Amino acid sequence: MRINLTKASRCGGGSDIFTALRENSPMGQFISELGMTAEAGANKAERATSLRLCVSGDDAAWFYLEGRTLRLNASDPRVLDREAHGPMLIAELTCYQDNVIQTKFRILVEILNENDNRPKFVKETIHRFTVSELTAVNSVLFTVKAMDADGDMISYIIDPSSRDPQFFRIDLPNSGKIVLNKPLDYETRTQLQVLIWAQEVNTEEKFNISAVLTVNIEDGDDQYPHFLPCTPISPGDPVCVSPNYSTNISQKQQDLVLKFSPGPIRAEDGDRGLNTSLIYSILSGGDQSQFRINNRTGEIQLTRAVPLRHQEKTFTLTVMVCQEDDRLKYSVVSVLIRVLNENTFPPVFNRTTFKGFIVENLSPASIVTTYGNQVLQIKASDRDFSDGLNPNIHYSILPPSGLYQVTDGGVLIARTDRLHAFDRHKVRVVARDAESGEEVSALVDIEVLQTGQSVPHGAVAEQQMFGNVDIRLAGGIIAMILLLLLSAVVFLMLRAVKRR
């Protein structure tokens, strides 16, 4: 009778491995104990049998065997990352006995997620934005989006400490939709900035990230043209008060482009970013085309001379400017043109130098007088007027003086409380024709007299008076010197007596 004995396999007793492992686990992290039946202390015959274990498959490099223990094969440059490798590690464990495959077991290791990633904004959603100033409040301006590799829920917050948070709001924190909170105005602000935070909601760490968004405001056609120079009705208000343009012409002038004050007739579109083309026109006051306006530049031309029989001394034109693409957007301004009589003679003074006196006193102001204590009146005459008096002449002191002022009547006023006896000042008085712009000047020589001193009656008396004053002064000085000499002699005599 013959009995065949079958040798038991040392690969028996194993099973498939199903387990879980956290991402970022360290090198050598325990994964599983293998369930082979063979023991290290088997008999000599069993030890002679060749037994070999082998891990294979796409993820085999993540495992190594230490005896019957399966461990994680990780290193510093190679970290187990669920976001990079996926949720599972899959391999196969094969047991060889005498180089013959005995069993195969599956290795399935689930990689457990950890919150090891911060949110990141999607680059395409945080670029520079351009928004029209005409955008309605409560409109969604743009949408920002952040991604979290760990799949965490993200909410969005506007940082109240950023530069312009008042213009924006987020109604649904998880949506990333940025809503316009208040009206935009290109004329006030052309660019806005806001800081947006993206933050994890469902994690303990609450990782976050921020981005500064720049919003350029695009000009919209919401402003009317205005004439220059622009004087705002209040600080920071773009609405302008129209200037008052004026100029002077004579009856003989014609075919002349007029020059106005405070500047040329010119307007600009209130929407500076659009700078729409403008059209100028004269609505009224043109006096049958006597004045013609260039509809592109605003220049006004006098086409023919004003008739001598013309009784009106002024023309008042009403000028309108409007947008070329929208005639309903317009502004109007008044233009005053004064007709002057022909100016043949300039204003003149009857002398180049005037003499003035002021008596020292404590009064804050006094009138400067001339010889004979008469009020000094510096008047220029103009032969263009029958009586020589030009009502358009204005007087001033150049350079301006803190001690003297001149009235429209040519009278000098002095700051007496700031003057001292024997002071002498020379001031230049300028007479200017406001219509023609012609000027003439004269010098005023002013002397400050002592309190109680009389104003001389004429140039000769002045010399005598001031000569007497000089003699008296010299006499007083000589008397003081003699007194000092006498005192010195007496002192020396007394000193000599004491020594004896």
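For the structure, check the block above.
Conventions we followed
Residues numbered from 1 in each chain as written. Predicted model: local features only at pLDDT ≥ 70, side-chain atom pairs only at ≥ 80, totals over all residues. Heavy atoms only, no water. Helix = DSSP H or I, 4+ residues; strand = E, 2+ residues; numbered from the N terminus. Buried < 20%, exposed > 50% of the residue type's maximum accessible area, 1.4 Å probe, protein only. Contact = heavy atoms within 4.5 Å. Phe/Tyr/Trp six-rings, centres within 6.5 Å; stacked < 30°, edge-to-face > 60°. Core = buried A, V, L, I, M, F, W, Y, C linked by side-chain atoms within 4.5 Å.

A few words now on the side chain of S155. If you trace the backbone, S155 turns up in strand β12 (residues 154–158). Given the relative accessible area of 12%, S155 is considered buried. The residues touching S155, leaving out its near neighbours within four places in the chain, are P173, N174, W197, A198, Q199 and V201.

On to the packing of aromatic side chains, then. As enumerated under the stated definition, the model contains 5 aromatic pairs in all. Arranged with centres 5.1 Å apart and planes meeting at 70°, the rings of F291 and F315 form a pair that is edge-to-face. You can see F291 sitting in strand β24 (residues 291–293) and its partner F315 sitting in strand β26 (residues 314–323), a full 24 residues away along the chain. F291 gets classed as buried once you look at its relative accessible area, which sits at 4%. The interplanar angle of 80° and the centroid separation of 6.1 Å between the aromatic rings of F349 and F354 together place this pair among those described as edge-to-face. Pair check on accessibility: F349 and F354 agree, each one buried.

We now examine the nonpolar core. The biggest cluster of nonpolar side chains holds 25 residues, and the ones touching the most others in it are F121, F142, V144, Y156, F168 and I196. For this core, the secondary structure elements donating two or more residues are β9 (129–132), β10 (140–143), β12, β14 (177–180), β15 (191–200) and β16 (208–218). Excluding residues that lie within four positions of it along the chain, F168 makes contacts with L141, I158, I178, V179, N181, L192, V194 and V215. With 24 residues, the next largest nonpolar core counts F354, L412, A431 and V444 among its residues.

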